[in-house]
Amino acid sequence: MKVRLLSIGKDRSGLYEPAVQEYASRLAHYTRFELIELPEAGGKKGKAGDAKATEAKAILARRKPQDLLVALDERGKLLDSVELSRYVGRARDGAKDLLLIIGGDEGLDERVRQSADLVLSLSKMTLPHRLARVVLVEQLYRAFTLLKGEPYHK
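In this report, we go over the structure that sits alongside the text.

The rules behind each value
- Starting afresh in each chain, residues are numbered from 1 along the sequence in its written order.
- This being a predicted model, a pLDDT of at least 70 is required before a residue's local features are given, and a value of 80 or more before pairs of side-chain atoms are given or counted; all residues contribute to the totals for chains, interfaces and linings.
- Values reported for side chains reflect all heavy atoms of the structure, with hydrogen atoms and water molecules removed beforehand.
- A pair of strands is considered paired only if DSSP assigns at least 2 bridges between the two.
- Only runs of H or I of at least four residues qualify as helices and only runs of E of at least two qualify as strands under DSSP, and these elements are numbered from the N terminus.
- Angles shown run from 0 to 180 degrees and are taken between the N-to-C directions of axes, each axis being a line fitted to C-alpha atoms and, for helices, limited to the stretch in contact.
- Contacts are residue-level and defined by heavy atoms, with any inter-residue pair within 4.5 Å sufficient.
- Put simply, a salt bridge is a Lys or Arg side-chain nitrogen that is within 4 Å of an Asp or Glu carboxyl oxygen.
- Throughout this description, buried means an accessible area under 20% of the type-specific maximum (1.4 Å probe, protein chains only), exposed means over 50%, and partly exposed covers the range between.

1. Focus on the pairing of strand S2 (residues 32-38)
Line of reasoning, step 1. The pairing of strand S1 (residues 2-8) with S2 spans 7 bridges and is classified as parallel. Residue pairing across strands places Arg-4 opposite Glu-34, the latter belonging to S2.

Take a look at the structure:
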């Protein structure tokens, strides 16, 4: 199984990247994990829809036939850690890969949401995109430890 996290934009602050890399290295014990950063489309004022459409095209071009696409969106489904691990387990058992998407500052284009196998929300609260990346990678690590019956999840 391969897990790819596709994120629009880079962490310019440097605050979150060390945590992402820590959990990415832990994930390597369970699955092939790849973080893909796509550039922001850079829409100008009044052109946010154009930027989202450009980003959607780049995102959907990365989808492979064996991928389950999971789009992160504040309006998505809330899962607890055990439910997420079950979703990951079903993907693994079905010989599917996961392509997880975190959109840019303007969110995701509706085409990405409609193409998704799962639209997932990490919280009812608004999170900075870079923090959402950390939370998601940690939850993926937690999911794999749950699937293996390891004691990380208490």
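2. Structural notes on the sheet that holds strand S5 (residues 118-121)
Line of reasoning, step 1. Read from one edge of the open sheet, 5 strands run S2-S1-S4-S3-S5, paired in parallel fashion. Each having just a single partner strand, S2 and S5 make up the two edges of the open sheet. Between one strand and the next, the sheet's axes are offset by a mean angle of 30°, whatever the strand orientation.
Line of reasoning, step 2. Pairing geometry for strand S3 (residues 67-78) and S5, over 5 bridges, is parallel. Among the inter-strand pairings, Lys-77 is bridged to a residue of S5, identified as Leu-120.
Line of reasoning, step 3. Packing of helix H3 (residues 81-93) onto the sheet brings it into contact with S3, strand S4 (97-102) and S5, and relative to S3 it is tilted by some 160°.

3. Quick notes on the pattern of salt bridges
Line of reasoning, step 1. Enumeration according to the criterion identifies 13 salt bridges in this entry.
Line of reasoning, step 2. Between Arg-26 and Glu-22 there is a salt bridge, and its shortest N-O distance comes to 2.9 Å. Of the two residues, Arg-26 and Glu-22 both sit in helix H1 (residues 17-27), 4 residues apart, roughly one turn of that helix.
Line of reasoning, step 3. Overall, Arg-26 belongs to the partly exposed group, its relative accessible area being 27%.
Line of reasoning, step 4. When its relative accessible area of 36% is taken as the criterion, Glu-22 is described as partly exposed.

Just geometry here; none of it tells us what the structure is for.
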